[in-house]
Amino acid sequence: MTHGLKMSKLFSKAFYDAAGSAKPYWLASHTLPREDDISLLTSVTPGTWSELERLAQHWQGPISATVHVQTGDSAALTQIQAAWQSKLADRVDVHLVQTPGSAVTVLMPRNAERNMARLFARTEFVVEMPSHMIPATDVRRTLDTNRQIFDTLLRSGDMLVVPVFGFASYDSSAYIMPRQKSRVVELVEENQLGLLDPHWKLNEGPTAYDHWHNATTLYPVEHYDFHYEPIVIESKQVQPWCAERFLNRRSACMFSSYLAGGEFWVLPDDFIVQMPENKEYVISDFDHVIENRLYAKFYWEQCVHHARQLDALQLWKAPRSEHVRKQCSRVIQNWGKGLIGKPE
């Protein structure tokens, strides 16, 4: 089987030529990481390459990144190779994607790029985040310190949420990057910083700032919603893959993991800081409408899909099906027609 055919089968929702010309490990790191380490996954373009360099300064572990370059842009490839060799070669694997344009596109959706970075990560655990975010604390050390309990959770399909905070103003002269939880709490009280959960107002999302700012141990996300899209540490092997029909919808990845039985546990002392988003990541209003309509259908589809799987495995009454029964009772009632039984 040719390389192109393998890639097109791995990323079947992408345009054939885009998937077929993808080059895993186009630039391969010189150091092999520990298998039980955490790889940071991200996607960049020539215009956001500097954000990958900034990420690498704050994340001293392995990185698996996809770089999306316009077909035929040999100058960009040369510049990236030189920049990688001088600053990132020790820890960063770069996987090349080429399409007629470098922006987010259906030819190779961002969700497919997420899967590519995860598939070719060299460690058992991964955390995916956009390149405009900065890991402000050392979550790798947190994992090592709590290795026994975290390993058990991650290998069983649970996810560790790293809260994301954003500044009210991104004037670089007006803030200093917080490194301690106590400083984050002070900035939130001063209305300079807020906990970000997309689709919710500041400090009001499922990650639950009111719980986080007093927490000293892991706590579960109690009010999950299918729009929830946190930054999570997860197992590379256990979790379902992101649905690649979406241009850029992390919540679709989280929803599949949740229906598969995974729990979200929020880290009490670690956090990420979000910086301004590059316009290359922004999709059009028209594409937003398409994404929203697709996602509404995806919700019903995933409910039925996971319910049928759990029933076939005779796990419908088991704890693993609790999330499906809780989230999807109306869907199953309308679609199941008694096949599974009355939802509980």
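Residues numbered from 1 in each chain as written. Predicted model: local features only at pLDDT ≥ 70, side-chain atom pairs only at ≥ 80, totals over all residues. Heavy atoms only, no water.

The name given to the chain in an unreviewed UniProt entry is Glycosyltransferase family 49 protein, with Syncephalastrum racemosum as the source organism. UniProt, in its Subcellular location (unreviewed entry) section for the chain, records the words "Membrane". (UniProt positions renumbered as here; feature names shortened; annotations may be inferred.)

Caption draft 1: Quick look at helix α5 (residues 110-119). For α5, the buried fraction is high: nine of the 10 residues fall into the buried class. Taken together, the buried positions of α5 are occupied by R110, N111, A112, E113, R114, N115, M116, A117 and R118. Against β2 (38-44), β3 (63-70), β4 (92-99), β5 (125-128), β11 (231-235) and α10 (250-259) lie the buried residues of α5. (Buried < 20%, exposed > 50% of the residue type's maximum accessible area, 1.4 Å probe, protein only. Helix = DSSP H or I, 4+ residues; strand = E, 2+ residues; numbered from the N terminus. Contact = heavy atoms within 4.5 Å.)

Caption draft 2: Examining the layout of surface pockets more closely. Here the largest pocket is characterised by a volume of approximately 710 Å³. Taken together, 32 residues make up the lining of the largest pocket; nearest its centre are P198, E229, N248, R250 and E277. Those elements that provide at least two residues to the lining of the largest pocket are β2, α5, β7 (159-162) and α11 (285-312). Here the lining of the largest pocket gets three residues from one element, more than from any other, and that element is α11. Residue composition of the lining of the largest pocket, grouped by class: 13 nonpolar, 10 polar and nine charged. (1 Å grid on protein atoms, 1.4 Å probe; cavity = no way out; pocket = protein on both sides within 12 Å on 5 of 7 lines; lining within 4 Å. Points joined across faces, edges and corners; volume = space filled by probe spheres on them. Nonpolar A, V, L, I, M, F, W, Y, C, P; charged D, E, K, R; others polar.)

Caption draft 3: Structural context of the domain arrangement of the chain. What the domain assignment reports for the chain is domain 1 (3-283) and domain 2 (294-336). In this structure, domain 1 and domain 2 have C-alpha centres spaced 27 Å apart. Taken residue by residue, the interface counts 18 residues in domain 1 and 15 residues in domain 2. With both sides pooled, the region where domain 1 packs onto domain 2 buries about 1500 Å², and carbon together with sulfur makes up 63% of that total. The three residues of domain 1 that bury the most area against domain 2 are R245, F255 and L259, which together make up 39% of that side's buried surface. Taken together, the links from domain 1 to domain 2 amount to one salt bridge. Residue E301 pairs with R245 through a salt bridge whose shortest N-O separation is 2.9 Å. Scanning the region where domain 1 abuts domain 2 turns up eight residue pairs in polar contact (both at pLDDT 80 or more). Counted by class, the side of domain 1 that touches domain 2 contains nine nonpolar, five polar and four charged residues. (Domains from an automatic or database assignment. Buried area = accessible area lost by both parts, 1.4 Å probe. Salt bridge = Lys/Arg side-chain N within 4 Å of Asp/Glu carboxyl O. Polar contact = N/O pair within 3.5 Å; in protein donor to acceptor, adjacent residues only side chain to side chain.)

Caption draft 4: Representation of the environment of T105 within the structure. Relative to the elements of secondary structure, T105 occurs in the loop between β4 and α5. The buried category is assigned to T105, whose relative accessible area is 17%. Sequence separation between T105 and F246 is 141 residues, and the spatial gap between their C-alpha atoms is 9.7 Å. Contact partners of T105, with chain neighbours within four places excluded, come to H68, T99 and L247.

Caption draft 5: A look at the packing of aromatic side chains. According to the stated counting rule, one finds 20 aromatic pairs in the structure shown. Between Y209 and W212 the ring centres are 6.2 Å apart and the planes differ by 35 degrees, which places this aromatic pair in the tilted class. Of the two residues, Y209 and W212 are both situated in helix α9 (residues 209-212); the distance of three residues between them amounts to about one turn of the helix. Their ring planes at 80 degrees and their centres at 6.2 Å tell us that Y224 and Y228 sit as a pair that is edge-to-face. Neither residue differs from the other here; Y224 and Y228 are each classed as buried. Cluster of aromatic residues (ring-pair linked, three or more members): F226, F246, F255, Y295, F298 and Y299. Positioned above the aromatic ring of W241, the side-chain terminus of R118 is 3.8 Å from the ring centre. Its end group placed over the ring of W212, K181 keeps NZ or CZ at 4.6 Å from the ring centre. (Phe/Tyr/Trp six-rings, centres within 6.5 Å; stacked < 30°, edge-to-face > 60°. Lys NZ or Arg CZ within 6 Å of the ring centre and 35° of its normal.)

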